[in-house]
Amino acid sequence: AVPLPPVPYQPTHAESIRFTHRRTRRASGRPSVFLGSAPALQRVRADREPFSAFGIGTKREAGDPGAFLGRPILLVYTIRSIPPREGARESGDSRGGGGGLVRGWSSSSSFGRTVSMEFWPEFLASSGGHEFVAGGVGGMAGVLAGHPLDTLRIRLQQPPRPVSPGITVARVARPPSAVALLRGILRAEGPGALYRGMGAPLASVAFQNAMVFQVYAILSRSLDRRMSTSEPPSYTSVALAGVGTGALQTLILSPVELVKIRLQLEAAGRKRQGPVDMVRDIMRREGLRGIYRGLTVTALRDAPSHGVYFWTYEYARERLHPGCRSTGQESLATMLVSGGLAGVASWVCCYPLDVVKSRLQAQTQTHPPSPRYRGVVDCFRKSVREEGLPVLWRGLGTAVARAFVVNGAIFSAYELALRFLVRNNGRQTLVMEEMKCHDH
Ligand SMILES: NC(=[NH2+])NCCC[C@H](N)C(=O)O
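Residues numbered from 1 in each chain as written. Predicted model: local features only at pLDDT ≥ 70, side-chain atom pairs only at ≥ 80, totals over all residues. Heavy atoms only, no water.

1. Comments concerning the site of the ligand
Okay, step 1: With respect to spatial proximity, the complete set of residues near the ligand consists of Asp302, Ser305, His306, Tyr309, Ser346, Trp347, Cys350, Arg402 and Asn407.
Okay, step 2: Contacts to the ligand include Ser305, whose side-chain N or O atom sits 3.2 Å from a nitrogen atom.
Okay, step 3: A distance of 2.9 Å separates an oxygen atom of the ligand from a polar side-chain atom of Asn407.
Okay, step 4: Out of a free accessible area of 340 Å², the ligand has 91% covered by protein chains.
Okay, step 5: When residues of the shell around the ligand are traced back to their parent elements, those giving at least two are helix 10 (295-320), helix 12 (332-348) and helix 15 (396-421).
Okay, step 6: Examining the composition of the shell around the ligand, we find that four residues originate from one element, helix 10, more than from any other.
Okay, step 7: When the residues that make up the shell around the ligand are grouped by side-chain class, the tally is three nonpolar, four polar and two charged. (Near = heavy atom within 4 Å. Polar contact = N/O pair within 3.5 Å; in protein donor to acceptor, adjacent residues only side chain to side chain. Areas by Shrake-Rupley, 256 points an atom, 1.4 Å probe, with all protein chains shown as cover. Helix = DSSP H or I, 4+ residues; strand = E, 2+ residues; numbered from the N terminus. Nonpolar A, V, L, I, M, F, W, Y, C, P; charged D, E, K, R; others polar.)

Encoded structure:
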């Protein structure tokens, strides 16, 4: 067979230039500019390599400001992929041994002669929005696995019905246990009631979770300031990225949960509304303010809880399977358990806020004459005054069970989908060798 000619490498997008540049600089300690595009690298196929890449770089010492002002030099690279094993050997990275995924860059000798660098799997993964797709798959798995428990939690959190305006039966009637409530719902409304309001979350939570995992992937890597990229983001970066992600996703999640909660609380028998009718109805009556009711309390709940969420996940999986944050090698059990634990920790830490949020989002503004709770603080005060301190933990058992199931499903589906999406790239290590360096 005639060997295929090298594929000329065309520099394209600005974004990947910046990205590649940052990686290069961090790894070598010397600034250099490489013009190239990550999507082009992803198109490398075994039958088309090695191929050449042309880059323009500058040689400067590390930390030198104005690196871009240096004389441009032409760099010629050969890019080829090598088996993971060999990659581990070449980069001296023992963790990647045994056919594992190798991460990090290795740059040998001095810049300007021969530099070989590895494109780590995550670099390839992060350039194509794979986390977004995998996050969406995870979100759907989570809703399918946990919606009945979610309905139980929302119902348990509600205040007792008033006998007449302003007077509740809280002191007389003990709130029902989860099991009693479940039996009651099944008897009176049938199993369908547990799945009520699931259609809309399936689509919207898929989108919300997709955004969460994509934003988290970007933030956790960009917050990490360490020079070495051969290691996964630090736990501090992971937690901070979680907080940022949690705050941002509130904009999507708050209205989604408002509609979900109201659909979940619709009793059987009464004429039922679908999500679209419900949104239209709220918009007509209260406008955008109505749709965004509960935004503040959702942000208060979700920013810290997502910090705890991602920190716990990363910490737990590393404990259960040492080295897996670097190699990506972990079992399904590790994914399920660390995802489950992350969910539980993130719910326990913010649970009272969730009770308040559910109550605030459930109440309609027009009926009864005036809303029962006027805001976050008022809802806290009134609930505790009327029902005692334990009200802040009502439904916690159900919430914890749900959190374990849902987030075990989310993280497992996410990790598996991600591996599926990058499996072509994930098994190989790309080495970029600097062949020539014309320095005039
Ligand atoms: N309490 C939280 N908001 N935790 C953060 C992630 C929660 C996850 N999306 C879930 O539905 O369980």
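Past the structure itself, the notes keep going.
2. Considerations on a nonpolar patch on the surface
Okay, step 1: The grouping of Leu320, Leu332, Leu336, Val337, Leu341, Phe404, Val405 and Leu416 at the surface amounts to a nonpolar patch, some 630 Å² of accessible area in total.
Okay, step 2: At the level of elements, helix 12 and helix 15 are the ones that each hand at least two residues to the nonpolar patch.
Okay, step 3: A per-element tally of the nonpolar patch places helix 12 first, with four residues.
Okay, step 4: The exposure class assigned to Leu416 is partly exposed, which follows from its relative accessible area of 45%. (Patch = residues over 30% accessible without salt bridge, like charges linked within 9 Å, V, L, I, M, F, W, Y side chains within 5 Å. Salt bridge = Lys/Arg side-chain N within 4 Å of Asp/Glu carboxyl O. Buried < 20%, exposed > 50% of the residue type's maximum accessible area, 1.4 Å probe, protein only.)

3. As for helix 6 (residues 178-189)
Because each turn of an α-helix spans 3.6 residues, side chains separated by three or four positions end up pointing in the same direction.
Okay, step 1: For helix 6, spanning twelve residues, the distance from its first C-alpha to its last is 16 Å, which sits close to the expected 16 Å at 1.5 Å a residue.
Okay, step 2: Downstream of helix 6 by a residue or two, Gly190 has a phi angle that is positive, lying close to 85 degrees. (Expected span 1.5 Å × (residues − 1).)

4. Some thoughts on helix 12
Okay, step 1: Here helix 12 contains 17 residues, and its C-alpha end-to-end distance of 24 Å stays within 8% of the 24 Å for a straight helix at 1.5 Å per residue.
Okay, step 2: What helix 12 keeps buried is the set Thr334, Met335, Ser338, Gly339, Gly340, Ala342, Gly343, Val344, Ser346 and Trp347.
Okay, step 3: Close packing links the buried residues of helix 12 with helix 5 (130-157), helix 10, helix 13 (351-362) and helix 15. (Contact = heavy atoms within 4.5 Å.)

5. Topic: the pattern of salt bridges
Oppositely charged side chains may form a pair once their charged atoms are brought near each other.
Okay, step 1: Throughout the structure, instances matching the rule amount to 24 salt bridges.
Okay, step 2: Salt-bridge contacts for Arg301 lead to Asp354; the nearest nitrogen and oxygen are separated by 2.6 Å. Taken together, the residues span a long stretch of sequence, with Arg301 in helix 10 and Asp354 in helix 13 at a distance of 53 residues.
Okay, step 3: For Arg301, a relative accessible area of 3% corresponds to the buried category.
Okay, step 4: Note that Glu387 is salt-bridged to Arg359, the shortest N-O span being 2.9 Å.

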